[in-house]
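Descriptive structure summary
Here is what each chain is made of, one letter per residue.
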Amino acid sequence: MIIVFLGPPGSGKGTQAEILREDHGFEHFDTGSRLRAEIATGSDLGQRIASFTNEGKLVPIEIIKEMIQKFIRETKAERIMFDGFPRNREQAQVMDEALKELGDDLDYAIYLEIDEDNLLQRIINRRFDKETGEIYNLVSSPAEKIAELKAADRLIQRKDDTEEVFGTRLKVYAEETVPVLDFYREQGVLNKIDGDHDIEVVAQNVKKLLGL
Ligand code: AMP
């Protein structure tokens, strides 16, 4: 089964993808995390990538294309999900072609629909545990856990999770990624899920959709 998660920054794509990975063994292709891992190596490529991600802009297609083609050709997993990809129609076409080469098709595009007023708060309060990579929210995650991680100096904020960069990310989403919704609607694989509920409720609805 091959699925993609779509939705604006902060809509919960990564969180839902992690739940499917843990509960149903999906291989999770998280474009943003892979790009951040390359940045962390300090390579020339990483520095080039950071010059886009730090401003909330899309990384050029040639970098993304290579990552995605390599992954699609090499993965052996039966269940795959993409999160943070495709971000525009060109990327959607790249994925289509790479899958077709292997005789595969996308099964579900899951659009996490969300009230945009909630997004900024989700983004600016988002933190990562630098030891485990787990995502927390300063407001909605259990206060005790947040206090414990803060005391251990383990919580970090992504460079692009600021109010200023968020504005650009939302604009890029509206201009470039929203047309991907139409692309999948035309193919008959687009499914909307209300992302404004608790994490567990959204997860149940995603699983129901996928027949899991
Ligand atoms: P994310 O972790 O999905 O919020 O992505 C963080 C940043 O990584 C984005 O703002 C982009 O700069 C970059 N990025 C992630 N996925 C893609 C993609 N598919 N194409 C281009 N840039 C991307």
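The structure we're discussing is the one just above.
In this report, the structure presented in the accompanying data block is examined. As the structure is a computational prediction, the values presented were derived from the model and not from experiment. (Residues numbered from 1 in each chain as written. Predicted model: local features only at pLDDT ≥ 70, side-chain atom pairs only at ≥ 80, totals over all residues. Heavy atoms only, no water.)

**Overview of the overall build of the protein**
Check the secondary structure of the protein and you find 9 helices and 8 strands. Its C-alpha atoms give the protein a radius of gyration of 17 Å, within 12% of the compact-globule value 17 Å for 212 residues. C-alpha atoms of the protein, sized along the principal axes, occupy 50 × 45 × 30 Å. The proportion of buried residues among the 212 residues of the protein is 43%. Accessible area of the protein: about 11300 Å², with a carbon and sulfur share of 46%. In the protein, the 29 positive side-chain charges and the 42 negative ones have mean positions that sit 2 Å from each other. (Helix = DSSP H or I, 4+ residues; strand = E, 2+ residues; numbered from the N terminus. Rg over C-alpha atoms; globule rule 2.2 N^0.38 Å. Buried < 20%, exposed > 50% of the residue type's maximum accessible area, 1.4 Å probe, protein only. Areas by Shrake-Rupley, 256 points an atom, 1.4 Å probe, with all protein chains shown as cover. Lys, Arg positive; Asp, Glu negative; His and termini not counted. Charge placed at Lys NZ, Arg CZ, Asp CG, Glu CD.)

**So, the pattern of salt bridges**
Throughout the structure, instances matching the rule amount to 17 salt bridges. Arg 126 is paired through a salt bridge with Asp 161; the nearest N and O atoms lie 2.8 Å apart. You can see Arg 126 sitting in strand E5 (residues 126-129) and its partner Asp 161 sitting in the loop between strand E7 (155-156) and helix H8 (163-187), a full 35 residues away along the chain. For Asp 161, a relative accessible area of 0% puts it in the buried group. For Asp 161, the salt bridge is made with Arg 169, and the minimal N-O distance between the two is 2.9 Å. Both residues of the pair, Asp 161 and Arg 169, belong to the buried class. (Salt bridge = Lys/Arg side-chain N within 4 Å of Asp/Glu carboxyl O.)

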